[in-house]
Amino acid sequence: MTGVQTCALPIYTTMAKVKLTELMKEKQLLSFEVFPPKTDKGMENLPGTIEKLCEFNPEYISCTYGAGGGNVGRNREVCQEIIKAGTTPVTHFTVIKNTKEGIKQQLEQYLAEGVDHMLALRGDIPLGETTTCGDFDYATDLVAFTRKEFGDKFEIAVAGSPEGHISCRSLDADIAVLKMKQDNGADYIMTQLCWDMEQFKVWLDKIRSAGVTMPVDVGIMPILDQAATINMALSRNGCVMERELARLISKYWLFPNPFAAKDAEGKPFDMFYEQKVRDFKEAGIEYTIKQIDAYRALGVNGIHLYALNKWQDVSRIIKESGMRTLV
Ligand code: FAD
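Residues numbered from 1 in each chain as written. Predicted model: local features only at pLDDT ≥ 70, side-chain atom pairs only at ≥ 80, totals over all residues. Heavy atoms only, no water.

K.L.:
Before we go on, may I ask you to explain the site of the ligand in this structure?
P.N.:
Taken together, 23 residues lie around the ligand, and Tyr65, Asp124, His165, Asp174 and Lys181 are the ones closest in. Taking Tyr65, its main chain carries an N or O atom lying 2.7 Å from a nitrogen atom of the ligand. For the ligand, an oxygen atom lies 2.9 Å from a polar atom in the backbone of Arg122. For the shell around the ligand, the secondary structure elements donating two or more residues are strand S3 (88-94), strand S4 (117-121), helix H5 (139-150) and helix H6 (171-183). (Near = heavy atom within 4 Å. Polar contact = N/O pair within 3.5 Å; in protein donor to acceptor, adjacent residues only side chain to side chain. Helix = DSSP H or I, 4+ residues; strand = E, 2+ residues; numbered from the N terminus.)

Following this line, the structure appears as structure tokens:
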């Protein structure tokens with residue numbers, strides 16, 4: 001179980017200071033997701049990354065949370081850097097290996113540190129286990145618990161999977177879960193990545209028919225690297241890779257495969273390695289921009305870019321997509 005150290009807590013505000021759902025009524029939001037770096041060197045570089053991302057005036061930046069609370073200290077540091085850079089932090093939070101008491105303490109700590117927005121998640125079941133190894137089974141429980149313990153102090157986002165969560169019984173059953181999250185007090189949806197626009201539209205129609213009225217903030221992963229793209233799609237999420245993206249990966253395929261493209265000395269096997277890596281990234285950025293265009297045209301409530309702590313590539317995407325200039 002996760003045990004966190006707490007210090008004396010200042011009085012926190014009675015309600016989330018910035019209401020993202022109110023902003024969503026006025027405009028389509030732009031936000032980023034970052035993760036706590038694993039190394040001290042990475043942590044040193046992060047403030048610069050966050051400042052660069054803040055040049056685009058995102059409405060918020062979210063920070064991932066290691067399942068089991070492994071990096072909770074670093075997650076809190078990152079949230080503080082986000083506040084310092086002048087925007088709203090949204091902490092991801094999972095129930096994995098967390099007790100009710102542990103969750104309450106951690107959430108109190110976040111509030112005391114000025115973090116009053118969360119993405120309430122179950123988290124992935126730990127390898128070799130069949131349960132969350134904590135007091136709660138699902139994100140629905142975390143949403144209900146947070147509302148019961150903290151009232152309106154947090155603005156709460158929840159995950160939505162346009163293709164259905166990998167372990168759901170059916171898309172309809174997964175949508176019923178989303179409705180339960182709303183009924184338990186969630187405020188808005190952050191989606192899992194979805195490259196299949198037709199499926200996204202089907203899901204959007206279905207959730208609205210099921211009475212889910214929460215705004216939808218769409219998660220988009222920039223396509224920059226073959227192995228990372230395949231990994232994100234298939235290692236956990238079971239996302240459909242639509243034809244054009246599959247074509248790009250094939251066109252620039254790193255032989256023998258993108259996961260083992262270099263020998264023990266770090267020398268690439270593919271004689272065109274450097275060129276292919278560069279060309280794939282160019283094509284991937286163009287693909288990502290088209291995807292952003294398609295989602296913006298659908299009128300979703302926000303574009304949430306998984307920034308992967310790579311501000312240069314993300315800046316290019318924002319500038320070239322005209323997200324902050326084209327209405
Ligand atoms: P839930 O909504 O609880 O759903 C899990 C499964 O159980 C689904 O199949 C659902 O249909 C089913 N289910 C849910 N509730 C019930 C119920 N009451 N009765 C029966 N069945 C139910 N993971 C991390 O560890 N750290 C992160 O920072 C992180 N960030 C993420 C950010 C985004 C935008 C997204 C979309 C995912 C993120 N994840 C993260 C991954 C997430 O933790 C996994 O997808 C996890 O497997 C499910 O989390 P969930 O909140 O969607 O679970």
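After that view of the structure, there is still more to cover.
K.L.:
What is the right way to read the side chain of Lys276 from this model?
P.N.:
Position of Lys276 relative to the elements: it lies in helix H10 (residues 273-298). The class for Lys276 is buried, based on a relative accessible area of 14%. Within the structure, Lys276 has its side chain in polar contact with the side chain of Asp270 (distance 2.7 Å). Among residues more than four places away in sequence, those in contact with Lys276 are Tyr252, Trp253, Leu254, Phe255 and Asp270. (Buried < 20%, exposed > 50% of the residue type's maximum accessible area, 1.4 Å probe, protein only. Contact = heavy atoms within 4.5 Å.)

K.L.:
Even after reading the chapter, I still don't get the pattern of salt bridges, so can you show me in this structure?
P.N.:
As a working rule, side chains carrying opposite charge can pair if their charged atoms are close by. Counting across every chain of the model gives 22 salt bridges. Glu149 serves as the salt-bridge partner of Lys148, at 3.1 Å between the closest nitrogen and oxygen. Of the charged contacts, one joins Asp172 and Lys206 as a salt bridge, the two residues approaching to 2.9 Å between their closest N and O atoms. Taken together, the residues Asp172 in helix H6 and Lys206 in helix H7 (residues 197-209) connect sequence positions 34 residues apart. Taking relative accessible area as the criterion, Asp172 reaches 47% and is therefore assigned partly exposed. What emerges from the salt-bridge pattern is a single network uniting Lys19, Arg147 and Asp187. (Salt bridge = Lys/Arg side-chain N within 4 Å of Asp/Glu carboxyl O.)

K.L.:
I would appreciate a short explanation of the nonpolar core in the present structure.
P.N.:
The nonpolar side chains of soluble globular proteins are, as a tendency, buried together. Counting residues in each nonpolar core, the largest one holds 62 residues, and the members touching the most others are Phe32, Tyr110, Phe200, Trp203, Ile207, Tyr295 and Leu305. In this structure, Ile207 is in contact with Ile175, Leu178, Ile189, Val212 and Val216, ignoring residues within four places of it in sequence. One finds Leu193, Trp195, Tyr287 and Tyr306 within the second-largest nonpolar core, a separate group that totals 15 residues. (Core = buried A, V, L, I, M, F, W, Y, C linked by side-chain atoms within 4.5 Å.)

K.L.:
In this structure, what is going on with the packing of helix H4 (residues 100-112) against H5? I would like to understand it.
P.N.:
Each pair of packed helices can be summarised by the angle the axes make with each other and by the distance between the axes. It is at 11 Å that the axes of H4 and H5 come closest, and there the two elements cross at 60 degrees. The orientation of H4 relative to H5 falls into the category oblique. As H4 runs across H5, the sense of the crossing is right-handed. Taken together, the residues of H5 that come into contact with H4 (itself represented by Lys100, Ile103, Lys104, Leu107, Glu108 and Leu111) are Leu142, Phe145, Thr146, Glu149 and Phe150. (Axes fitted to C-alpha atoms, helices over the stretch in contact; angles between N-to-C directions. Parallel < 35°, antiparallel > 145°, perpendicular 65-115°, else oblique. Left-handed = near helix turned anticlockwise from the far one by under 90°.)

K.L.:
How should the sheet that holds strand S7 (residues 216-220) be read in this particular structure?
P.N.:
Strand pairs in the sheet, formed through backbone hydrogen bonds, run parallel or antiparallel to each other. Taking strand neighbours around the barrel as the criterion, the eight strands line up as S1-S2-S3-S4-S5-S6-S7-S8 in a closed arrangement whose pairing is parallel. Recorded for the sheet is a direction-independent mean angle of 25 degrees between the axes of neighbouring strands. As paired strands, strand S5 (residues 155-160) and strand S6 (residues 188-191) are joined by four bridges and run parallel to one another. Residue pairing for S6: Gly160 is matched across the bridge by Thr191. Lying on the sheet, H7 is in contact with S5, S6 and S7; it crosses S7 at an angle near 155 degrees. Of the strands in this sheet, S7 and strand S8 (302-306) touch H10, which is tilted by about 170 degrees from S7. (Pairing = 2+ DSSP bridges.)

K.L.:
Would you mind showing me how to read unusual backbone geometry here?
P.N.:
Across residues other than glycine, the phi torsion is negative in most instances, and most of the peptide bonds are trans. Here the bond from Phe255 into Pro256 is cis, since omega is 0 degrees, no more than 30 degrees from zero. Of note, Asn57 is a non-glycine position whose phi angle comes to about 50 degrees, a positive value. By the secondary structure assignment, Asn57 is in the loop between helix H2 (40-54) and strand S2 (60-63). By relative accessible area, Asn57 is classed as exposed at 56%. Backbone geometry at Cys133 places phi at a positive 60 degrees, although glycine is not the residue there. Relative to the assigned elements, Cys133 resides in the loop between S4 and H5. Among the residues examined, Cys133 registers a relative accessible area of 26% and is labelled partly exposed.

K.L.:
Please explain the packing of aromatic side chains as it appears in this structure.
P.N.:
When we look at a pair of aromatic rings, we describe it by the centre distance and by the angle of the planes. Taken as a whole and judged by the stated rule, the model has seven aromatic pairs. Judged by centre distance (5.7 Å) and plane angle (90 degrees), the ring pair of Phe150 and Phe154 falls under edge-to-face. Accessibility assignment for this pair places Phe150 and Phe154 in one class, buried. An aromatic cluster is built from Tyr65, Phe93 and Tyr110, whose rings are joined through pairwise contacts. (Phe/Tyr/Trp six-rings, centres within 6.5 Å; stacked < 30°, edge-to-face > 60°.)

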